[in-house]
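Architecture at a glance
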Amino acid sequence: MTPSVIGEGAPSRGRTFSPFTSNLNFRKYLPALPLLLIVGYFFLYPITKLVYVAFLSNENTLTLSNFTTAFKDPYKTGFINSIKIGITSAVIAAIPGAIAAYFIESKGPSKLRRTVAVMSGVLANTGGVPLAFMFMAAIGIQGQLTKILKAAGWDIYSGQFSLGTFTGLLIVYLYFQLPLMVIIFSPAIVALRREWVEAAYNLGADKVEYWRRIGFPLLFPSFIGSLLLLFASGFSAYATANALTVGNLPLTPLQIGGLLDGNVSATQLNLGKALSSLMILISAFAVVPYLVIQRRTARWQKR
Amino acid sequence: MKSSKIALPLTLAILGFFVFVPMLSAFEFSIRTPAKGGYGWDNYIWAVTEEEFLHYIFRSGGLAFLTVLITLLLLVPTITWLHLVQSPLRVAIDTVSLLPLVIPVVAFAVGAQISLPEFIQSTVLELPFLYFVLALPYAYRSLDIGLNAIPLKTLTEAARSAGANWVRTITSVIIPAIRSSVMATIAITFALSIGEYTLTVLLHWDTFPTWVTYVAQDNILGAIAISMMSLVIPFVILTGITLLLPERSNRGRR
């Protein structure tokens, strides 16, 4: 049974003088123990060990050599490409995603909003082979849209284009980045109160002025936060890139996957761990500010 | 205003085009029957009669079910307790529960592989615990918001003085009071674990999402049919779950 201070019912005025204060302290932690044990063992411990091992040489001595290799090619190019695709896919998805979230949340009927929420949830989780198939079927060499465009006089394969290139991958990434933006930006739209629009109009503001001085400043932090999370999502995506590229486009998640599988051999056994640690660091630069912004905006979003 | 009337349909049309063109293109491929020409459900029939189909459906479904169970069992009592008492742990647990968002899944897979002992890594039951970690930020936040919105102290005191023990208080008072948060938690945890690919494949396990890769090697149209199902099945299940939800409150929206 979960013990609790208030569970005993009686007011606890005398309790501070009780000789069992140590027992009380114990009670302050005990119910959280199962969660802490599981999270500690299956999450904190593996991540700590990962970062520690990244600093070990093949002979288990402390070294920085894994990191110096990680900053050289081909791994350097991998990082540059991954960061580039993270930024580009986030920026391209964020604005249409935010606008779509605005129209759906502020103008859509309840049924539509719920359907969009479920669909976005499923679509934001698509990836890997199924997503690759969808785009091969649409804009692959034998794709439907490719054929239609060709009939209309635009052969998208006349140049360098293929789904395995940076541009190809970028288009495919938008398929999960856009719904992700709709999901994480919608709460900010929902929290914009109708009263604020009315108050602004009553004070003589027009639509442009309302957006310039109230709507936009209120939504801007959430927008930046969402953009950061989208970057992290595009930066660390593995499954889709793995299904579409054939080693022609160096990306850090794929390089780590290759090292983990043993498909790629490296003289440094712990190189993959160093690459992983650097990925965590880069991802933290985006996600930690997102979480801070999220916490701050949650204050005014509370009803 | 005219502009605001066409804005929503226009948005939906553009989004719909981007979402449905690839989906319908793949669907068209999946109902092709090259052997006899024309269209038919042959690829779908082939897929569901494959021996592995049911095996992997049950395996992925079972793992997702276990993940949901672990998530609810660990989180509902703990977060309830954190809301009731002034524990110094609250801030720490709040923060830790958001940390999985920071860790790229590939890095998490490497960490799990080098640190979990053999007896854990040799059973597929390690996956629900790892999926639990991946879903933790979403599940935690959803339950936390739900518990913030109800008069938790009053409810528990009432239940306790009516003679309910803690298990009963949680199952028949708290969970019904926050059922839309619980449903949302179930939905996100289920969706995440039934479709998880990266962690699963890097730890060398086979589930429904990774099975498609093997099928693609010898029956591409069958693999496309399976891919279509892997999109439609979660969609149907999640729509079912959300239809069970009460309407989202319109208070303050008017």
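Note that the coordinates shown come from a computational prediction; the quantities given were computed from them, not determined experimentally.

Definitions and cut-offs
- Residues numbered from 1 in each chain as written.
- Chains lettered and ligands numbered in written order.
- Predicted model: local features only at pLDDT ≥ 70, side-chain atom pairs only at ≥ 80, totals over all residues.
- Helix = DSSP H or I, 4+ residues; strand = E, 2+ residues; numbered from the N terminus.
- Buried ≥ 20, exposed ≤ 12 C-beta atoms within 10 Å, placed from the backbone.
- Contact = placed C-beta atoms within 7 Å.
- Domains from an automatic or database assignment.
- Axes fitted to C-alpha atoms, helices over the stretch in contact; angles between N-to-C directions.
- Parallel < 35°, antiparallel > 145°, perpendicular 65-115°, else oblique.
- Left-handed = near helix turned anticlockwise from the far one by under 90°.
- Nonpolar A, V, L, I, M, F, W, Y, C, P; charged D, E, K, R; others polar.
- Core = buried A, V, L, I, M, F, W, Y, C linked by C-beta atoms within 7 Å.
- pLDDT = per-residue confidence, 0-100.

Regarding the overall build of chain B
A count of helical and extended segments in chain B gives 13 helices and zero strands. Helices and strands in chain B line up, N terminus first, as α-α-α-α-α-α-α-α-α-α-α-α-α. The C-alpha extent of chain B, read off along each of the three principal axes, is 70 × 65 × 35 Å. Evaluated residue by residue, chain B yields a buried proportion of 40% over its 254 residues. Residue pairs at least 24 apart in sequence account for 77% of intrachain contacts in chain B once pairs closer than 6 positions are excluded.

Overview of the overall build of chain A
Regarding its fold elements, chain A presents 13 helices and zero strands. Secondary structure elements of chain A occur, N-terminal to C-terminal, as α-α-α-α-α-α-α-α-α-α-α-α-α. Burial analysis of chain A (303 residues in total) assigns 41% to the buried set. When contacts within chain A are restricted to residue pairs at least 6 apart in sequence, those whose partners lie at least 24 apart make up 77%.

Describing the domain arrangement of chain A
Bring the parts together and some accessible area is lost; that lost area is often taken as the interface size. Along its sequence, chain A is organised into domain 1 (6-53) and domain 2 (73-301). Domain 1 of chain A and domain 2 of chain A are separated by 38 Å when their C-alpha centres are compared.

Quick look at the environment of E198 of chain A
All names here are of chain A. Relative to the assigned elements, E198 resides in helix α9 (residues 194-202). Judged by C-beta crowding, with 11 C-beta atoms within 10 Å, E198 ranks as exposed. C-alpha separation for the pair E198 and F161, spaced 37 residues apart in sequence, amounts to 50 Å.

So, the packing of helix α7 (residues 126-148) of chain B against helix α10 (residues 179-195) of chain B
All names here are of chain B. Orientation of α7 relative to α10, taken along the N-to-C sense of each, is 165°, at an axis distance of 9 Å. With respect to their mutual orientation, α7 and α10 come out roughly antiparallel. For the pair α7 and α10, the crossing hand works out as right-handed. Contacts between α7 and α10 pair Y131, L134, A135, Y138, A139, S142, L143, I145 and G146 from the former with S180, S181, A184, T185, I188, T189, L192 and S193 from the latter.

A word on the interface of chain B and chain A
Contacts between the two partners involve 74 residues from chain B and, on the opposite side, 70 residues from chain A. Here the side of chain B that touches chain A takes 13 residues from helix α1 (residues 2-30) of chain B, the largest share from any one element. Looking at the side of chain B that touches chain A residue by residue, the classes come out as 49 nonpolar, 18 polar and seven charged.

Some words on unusual backbone geometry
With an omega of 5°, the peptide bond between D73 of chain A and P74 of chain A qualifies as cis. Within the secondary structure, P74 of chain A is located in the loop between α3 (65-70) and α4 (75-107). Phi at N60 of chain A takes a positive value of approximately 65°, unusual for a residue other than glycine. Assignment of secondary structure puts N60 of chain A in the loop between α2 (33-53) and α3. The phi dihedral of H204 of chain B is positive, around 65°, even though this residue is not glycine. One can find H204 of chain B in the loop between α11 (198-202) and α12 (208-218). For H204 of chain B, a count of 11 C-beta atoms within 10 Å gives the class exposed.

Let's talk about the nonpolar core
By size, the foremost hydrophobic cluster in this structure holds 147 residues, and its most contacted members are F135, M181 and L230 of chain A together with V106, A109, L130 and A135 of chain B. The element contributing the most residues to this core is helix α8 (residues 166-191) of chain A, with 14 residues. When we break this core down by domain, the ones giving at least three residues each are domain 1 (6-53) and domain 2 (73-301) of chain A. When residues no more than four places from it in sequence are discounted, the contact partners of A135 of chain B are T67, T71, I188, T189, L192 and S193 of chain B.

With respect to the environment of Y201 of chain A
Structurally, the position occupied by Y201 of chain A is in helix α9. In this structure the C-alpha to C-alpha distance between Y201 of chain A and L251 of chain A, which are 50 residues apart in sequence, comes to 50 Å.

Quick word on helix α5 (residues 105-115) of chain B
Most of α5 of chain B sits out of view: eight of its eleven residues are buried. What α5 of chain B keeps buried is the set V105, V106, A107, F108, A109, V110, G111 and A112 of chain B.

Some details on the confidence of the model for chain A
All names here are of chain A. When the pLDDT values of chain A are averaged, the result is 84; 89% of them are 70 or greater. Of all the helices and strands in chain A, helix α1 (residues 21-29) carries the lowest mean pLDDT, 60, while α2 carries the highest, 93. Counting interchain partners and residues more than four positions distant, the pLDDT-below-50 stretch residues 1-21 has 18 contacts.

Considerations on the packing of α8 of chain A against helix α10 (residues 207-236) of chain A
All names here are of chain A. Taken N-terminus to C-terminus, the directions of α8 and α10 make an angle of 150°; their axes are 10 Å apart at the nearest point. On the basis of the axis angle, α8 is roughly antiparallel to α10. Crossing hand, α8 versus α10: right-handed. Residues Y173, Q177, L180, M181, I184, F185 and A188 of α8 pack against L219, S222, F223, S226, L229, L230, S233 and G234 of α10.

Some remarks on the confidence of the model for chain B
Residue and element names in this part refer to chain B. On average, residues of chain B score 86 in pLDDT, and 94% of them reach the 70 mark or higher. Here helix α13 (residues 220-244) stands out as the least confident element of chain B, with mean pLDDT 83; α5 is the most confident, with 93. Segment residues 248-254: pLDDT under 50, and five contacts once partners within four positions in sequence are set aside and those in other chains are kept. Scored as a whole, the predicted complex attains pTM 0.86, and scored at its interfaces, ipTM 0.86.

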